[in-house]
Amino acid sequence: MIASVTLNPAVDYTVELSESLAAGTVARATDHQYDAGGKGINVSKYLVGLDVETVATGVAGGFLGQYLLEQLSAQGIAADFVEIDGETRLNTTVLEPTEEYKINQNGPHVPAIAVEDLVDRLREYDPDRVVVAGSLPPGCNPETIDLLAEAGPWETVVDVDGATLSALDAEYALCKPNVDELAAATDRRIDGVESALEAARELRADGFDSVVASLGGEGAVMVTPEQSLHAPAREIEVVDTVGAGDALLAGVLASRSHGDSDADALSHGIAVASRVVSVSGTRAPSLAGVRDDRESIAVSAYCSSH
Ligand SMILES: O=P(O)(O)OC[C@@]1(O)O[C@H](CO)[C@@H](O)[C@@H]1O
């Protein structure tokens, strides 16, 4: 089973406008929705759709924390969150006809005692893998993630920002930076697949057994001890990109837990991400038949000197 950890969850508020925002005028929304979000929670939501046993854990508080837990329960997503005094954040996505804006709050302070409680709960689930994903709220730091990684016999996967990635000291099974996080973690300029692969190889040497990096419109790369792979993005109509990286990660992890090859895991990740970007917000789309979508994704293998 895969346990996700979201130290800084959010209610994702997605609002759609039929015209671009203009200063001094009132924008009228044509649609809106609220989703239980935060990167680890999203990974668990998508894993459920992929029939992988998972529990979403983390810390939550206040009326938004309560709403988030109710949403997860209504969607049949197993969740176990430590309650804190602070208020879980509201993150906003504004979808204009041609642009997408994202505003994320910092989140509430998380006391050390809440992290200790979380570790105890994680141990009770005895997961094979723990996925720690999303930003660090006030009160947490990279050592918090190292602590979670070293608290049990599980493999740990991380999806955190570039500076946090560079500061981690424990051993990790996999990390999933986006292109900016990969550039920040390696201090390299990334302008295409080959430079992304080079950077991912460098990051591997820093304590990450595998690196999966999302490259937006250029798809994703995966570097493992055995190989370096690239899969292109699918050509589909994108509604919004929020949750795409979480979906890529969920797809890769689900495929790996079924014993698939690295190439199949990468194309599965791309296929799941394509489904997620074709719906608004971070709700889980139908993932029925998503394994078949892999057929149209040609994965290329690169040799390390390439
Ligand atoms: O502020 P963070 O923790 O980096 O990211 C949080 C977030 O933007 O990530 C998810 C999409 O990946 C959303 O559900 C959520 O609002």
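Sequence order as written defines the numbering, with residues in each chain counted from 1. Owing to the predicted nature of the model, reporting of local features is limited to residues with pLDDT of at least 70; listing and counting of side-chain atom pairs is limited to 80 or more, with chain, interface and lining totals taken over all residues. Side-chain calculation: all heavy atoms of the structure are included, whereas hydrogens and water are not.

- Taking an unreviewed UniProt entry as the reference, the chain is identified by name as 1-phosphofructokinase belonging to Natronococcus pandeyae.

1. Notes on the pairing of strand 2 (residues 10-17)
- Counting buried positions along strand 2 yields 6 of 8 residues, so the element is predominantly enclosed.
- Relative to strand 3 (residues 29-37), strand 2 runs antiparallel, the two being bridged by 8 bridges. Among the inter-strand pairings, D12 is bridged to a residue of strand 3, identified as D35.
- At least two bridges found by DSSP between two strands are what make those strands a pair. Secondary structure elements are defined from DSSP: runs of H or I of at least 4 residues count as helices, runs of E of at least 2 residues count as strands, and each element is numbered from the N terminus. Pairing geometry for strand 2 and strand 6 (residues 89-95), over 7 bridges, is parallel. Bridge pairing links T14 to T93 in strand 6. Each residue's exposure class comes from its accessible area (1.4 Å probe, protein chains only) as a fraction of the maximum for that residue type: buried when under 20%, exposed when over 50%, partly exposed otherwise.

2. What to know about the packing of aromatic side chains
- Note on aromatic pairs: the rings of Phe, Tyr and Trp (six-membered ring only in Trp) are paired at centre separations within 6.5 Å, and the planes decide the class, stacked below 30 degrees, edge-to-face beyond 60, tilted for the rest. Scanning the model with the defined rule gives 3 aromatic pairs in all.
- Here the aromatic rings of Y13 and Y34 are separated by 5.1 Å at their centres, their planes lie at 25°, and the arrangement is stacked. Of this pair, Y13 sits in strand 2 while Y34 sits in strand 3, and the two are 21 residues apart along the sequence.
- Looking at Y13, the relative accessible area reads 21%, which means it is partly exposed.
- Three or more aromatic residues link up through ring pairs in this structure, and these residues are Y13, Y34 and Y67.

3. Topic: the sheet that holds strand 3
- An order of 3-2-6-7 is seen for the 4 strands of this open sheet, with the pairing classed as mixed. Two strands close off the open sheet at either side, each with one partner strand: strand 3 and strand 7 (100-103). With direction set aside, neighbouring strand axes in the sheet form an average angle of 15°.
- Here 4 bridges tie strand 6 to strand 7, and the two strands are oriented antiparallel to one another. Note that in strand 7 the partner of L95 across the bridge is E100.
- Two residues qualify as a contact provided that any one of their heavy atoms is within 4.5 Å of a heavy atom in the partner residue. Angular values range over 0 to 180 degrees, each being the angle between N-to-C directions of two axes fitted as lines to C-alpha atoms, with helices fitted over their stretch in contact. This element, helix 2 (residues 62-74), spans strand 2, strand 3 and strand 6 of the sheet and lies at about 85° to strand 3.

4. Let's talk about the nonpolar core
- Definition used in this section: a nonpolar core is a set of buried Ala, Val, Leu, Ile, Met, Phe, Trp, Tyr and Cys residues joined via side-chain atoms within 4.5 Å. With 45 residues, the main nonpolar core has V158, L165 and F208 as its most contacted residues.
- Examining the composition of this core, we find that 6 residues originate from one element, helix 7 (residues 193-204), more than from any other.
- In this structure, L50, V131, L287 and V290 belong to the second largest nonpolar core, which totals 32 residues.

5. Side note on the site of the ligand
- Contacts to the ligand come from 15 residues, most closely from D12, R89, K102, S135 and D246.
- K39 is positioned with one of its side-chain polar atoms (N or O) 3.0 Å from an oxygen atom of the ligand.
- Between N91 and the ligand, the recorded distance is 2.9 Å, taken from a side-chain N or O atom to an oxygen atom.
- Per-residue and other accessible areas were derived by the Shrake-Rupley procedure at a 1.4 Å probe size, with only the shown protein chains allowed to occlude residues. Here the ligand has 400 Å² of accessible area as a free molecule, and 89% of this is covered by the chains.
- Mapped by element, the contributors of at least two residues to the shell around the ligand are helix 1 (39-49) and strand 6. Residue proximity to a molecule or strand is established when one non-hydrogen atom of the residue lies within 4 Å of it. Residues adjacent in sequence count toward polar contacts only when both atoms are side-chain atoms; beyond that, a polar contact is any pair of N or O atoms within 3.5 Å, and within protein one must be able to donate a hydrogen and the other to accept it.

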